[in-house]
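Coordinate analysis (summary)
Spelled out, the chains give:
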Amino acid sequence: MRIAIIGAGQATATLLQTLIRGEFAGTLTVFHDEGPRPVQRPPLSKTFFKTKTADWLVPDDLMQHPQIRWIHRTVTAIDPDAGHVIWDDEHDSFDHIVLATGTRSLKPTIEGASQDTCHTLRTLADAEAILKRITPETQVVIQGSGFLAFEIAHALATTVASVSLLLKTDRAMPQVSEVIATALMEDCPATCYPDTQIEYIQPEMAKLHTSKGPLACDLIISAIGSVPNAELGAPWGLTDQYGIAVDATMQTAHPRVSAMGEVASFPNPHTHRTQRIESIAQANDTAQVLAARLLGNPQPFQATPWFWSDQGAHKLQIAGLATRDDQSTVITHGDNTRVVARHQGEQVTAIEALNQAREFMAARRLFEQGPMNLSDLMQAGSAFSLLQSSRS
Amino acid sequence: MPSITFIDPTETEVTASFEPGDTLLKAAYFARVEGILAECGGGCSCATCHVHLDSAWDGIVEPPSLQESDMLAFAVEPTPHSRLACQVELTDAHDGLTVTVAKRQY
Ligand SMILES: Cc1cc2nc3c(=O)[nH]c(=O)nc-3n(C[C@H](O)[C@H](O)[C@H](O)COP(=O)(O)OP(=O)(O)OC[C@H]3O[C@@H](n4cnc5c(N)ncnc54)[C@H](O)[C@@H]3O)c2cc1C
Ligand code: FES
């Protein structure tokens, strides 16, 4: 079997390792277009600006493996009926095509901005471009309200002169409960401006004009979300409103095409919603499911989502996945720790643990065992106690 | 270059060289040691890089942080010598030592 894999991010790294370990018998051709060799993304917003080094995503022997061919090119089209993958003026044919194209940063259009002043952060090249432009005198403005914006604020705070954070609304990190977001905001080294929109920039005067007035600014980093790279599937009707639509085994509507990672959209068994999920766990778990199918042992996707974010000295870990409207109930509240249950009525959808790894891990185990009930959790007092009582 | 010997879950010995300052995970990853999943890529968030150090490591390795101990408590059959490979930083003092990869990460 000849398989083409388009994109070489987290999901592809896991797919390759799992297939090779599983003694996959065919050949794997990987098309990738992001620098000579794939790197891990999470450190780019956490440690890169201090360490100035990136970690390779794929070990040497897989870069040189006899069953794996690496083609450093952007794929421009696919023809699933013919099994064709098309790039530049070339094409090759395959028995199966895997779309692992991930997402790209959403780029705002800011009046007056040039390439030098306006950045996003997704790739090593993005991180290097920012690094090249910052000095201890640089006044950085970050646009965004999510985890990425806050991680970057922490990562740059000690390296540059000032960091301002422009929040779209009055709410930071709308993905998590207000209790956790407030705790993280209080310790954020940036000056936060809620409800603030960018109007235009005057780079020659190092000034950014916003809906709340002018701000000193040499460099903008926008962390306002991402767009799925789903274009290759669209002409073949393989997309839905979120990304590339797949079933619980990562199969698209075309028998020759699968998708995985954060471009793949499917009904999530934990949230009961069709969605794409942007996380390392999702990339790994979907790749495992696809690998099992390609190795002849199909299993439906069953994993519980989980996520983490490092913000300075704080570690936020989330087991499960809540929607923004889910209710929040504080389970424990310590000096620098918080544990919050997100729930829809009695049904717990996520446990958010700030500097409380034990609760995060206990919650993951509990979700693996089955649905979690809010009153049981409240009665036990913690996810850890609930797990212990469930085991005794 | 200094090196570490890993004993993987099939009892196979794999020798991995390292640069001081590398983590045990990095050394294991590039030597393709079997049995370490490292789902979070070294973020101290998944506990799937569980290894056992032997007593030769006593006193020459920083003890685990609270975060790491909390994570380790949920690894499969942790022992007092359990560590997360991504949290152990290697120095020249570790040259020639041995690490046993946990039999199972789940
Ligand atoms: C800075 C940063 C920090 C993060 N931190 C965390 C974190 O702490 N925790 C967490 O859980 N998640 C984190 N994430 C999210 C996580 O990294 C992603 O969800 C994950 O990498 C998705 O993996 P993927 O394989 O689906 O896609 P990607 O890693 O995006 O890989 C897709 C690849 O496909 C390539 N590609 C696309 N189209 C084509 C084409 N036509 N031809 C050839 N190649 C193509 C792209 O260039 C890209 O290299 C972070 C993301 C970023 C950007
Ligand atoms: S790699 Fe995830 S905890 Fe070590």
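The rules behind these values
Residues numbered from 1 in each chain as written. Chains lettered and ligands numbered in written order. Predicted model: local features only at pLDDT ≥ 70, side-chain atom pairs only at ≥ 80, totals over all residues. Heavy atoms only, no water. Pairing = 2+ DSSP bridges. Helix = DSSP H or I, 4+ residues; strand = E, 2+ residues; numbered from the N terminus. Axes fitted to C-alpha atoms, helices over the stretch in contact; angles between N-to-C directions. Near = heavy atom within 4 Å. Polar contact = N/O pair within 3.5 Å; in protein donor to acceptor, adjacent residues only side chain to side chain. Areas by Shrake-Rupley, 256 points an atom, 1.4 Å probe, with all protein chains shown as cover. Contact = heavy atoms within 4.5 Å. Buried area = accessible area lost by both parts, 1.4 Å probe. Salt bridge = Lys/Arg side-chain N within 4 Å of Asp/Glu carboxyl O. Buried < 20%, exposed > 50% of the residue type's maximum accessible area, 1.4 Å probe, protein only. Arc of directions from axis to C-beta. pLDDT = per-residue confidence, 0-100.

1. Description of the sheet that holds strand β6 (residues 90-93) of chain A
Residues and elements named next belong to chain A. Pairing is antiparallel in the open sheet, where three strands are placed in the order β4-β5-β6. Each edge of the open sheet carries a strand with a single partner, namely β4 (75-79) and β6. Averaged over neighbouring strand pairs, the angle between their axes works out to 20° when direction is ignored. Bridge count between β4 and strand β5 (residues 84-87): four bridges; the pairing is antiparallel.

2. Describing the pairing of strand β15 (residues 213-216) of chain A
All names here are of chain A. Sheet topology note: the strand β14 (residues 207-210)/β15 ladder contains four bridges and is antiparallel. Paired with K207 across the bridge in β15 is A216. Taken together, β14 and the strand that follows it, β15, pair antiparallel across an intervening segment of two residues.

3. Regarding the site of ligand 1
Residues and elements named next belong to chain A. Close to ligand 1 lie 34 residues; D33, E34, K46, R122 and E262 are nearest. In this structure, an oxygen atom belonging to ligand 1 sits 2.9 Å away from a main-chain N or O atom of A11. In the complex, 93% of the free accessible area of ligand 1, which totals 1,000 Å², lies under the protein chains. Elements with a contribution of two residues or more to the shell around ligand 1: α1 (10-21), α2 (42-46), α8 (280-294) and β22 (306-311). For the shell around ligand 1, the leading source of residues is α2, giving three residues.

4. Section: the interface of chain A and chain B
Facing 30 residues of chain A, the contacting portion of chain B comprises 19 residues. A combined buried area of about 2,000 Å² lies between chain A and chain B, and 51% of that area is made up of carbon and sulfur atoms. Together, R21, K315 and M361 of chain A form the three largest contributors to the area buried by chain A at its contact with chain B, with a combined 24%. There are three salt bridges connecting chain A and chain B.

5. Quick look at helix α7 (residues 178-186) of chain A
Residue and element names in this part refer to chain A. Looking only at α7, the buried set comprises I180, A181, A183 and L184. Axial view of α7: buried residues confined to an arc of 160°, hence all on one face. Counted as exposed and oriented over 90 degrees from the buried face of α7: E178 and E186. Those residues of α7 that are buried lie in contact with β22, β23 (314-320), β25 (338-344) and β26 (347-354).

6. Focus on the confidence of the model for chain B
Confidence along chain B averages 94 in pLDDT terms, with 100% of residues attaining 70 or more. The complex prediction reports pTM at 0.96, with the ipTM value standing at 0.91.

7. Details of the pairing of strand β13 (residues 198-202) of chain A
Residue and element names in this part refer to chain A. Taken together, the four bridges between β13 and β14 define a ladder with antiparallel strand orientation. Considered in β14, the bridge of I201 is made with L208. Where β13 folds back on β14, the antiparallel hairpin that results is connected by four residues, among which A206 adopts a positive phi of roughly 55°.

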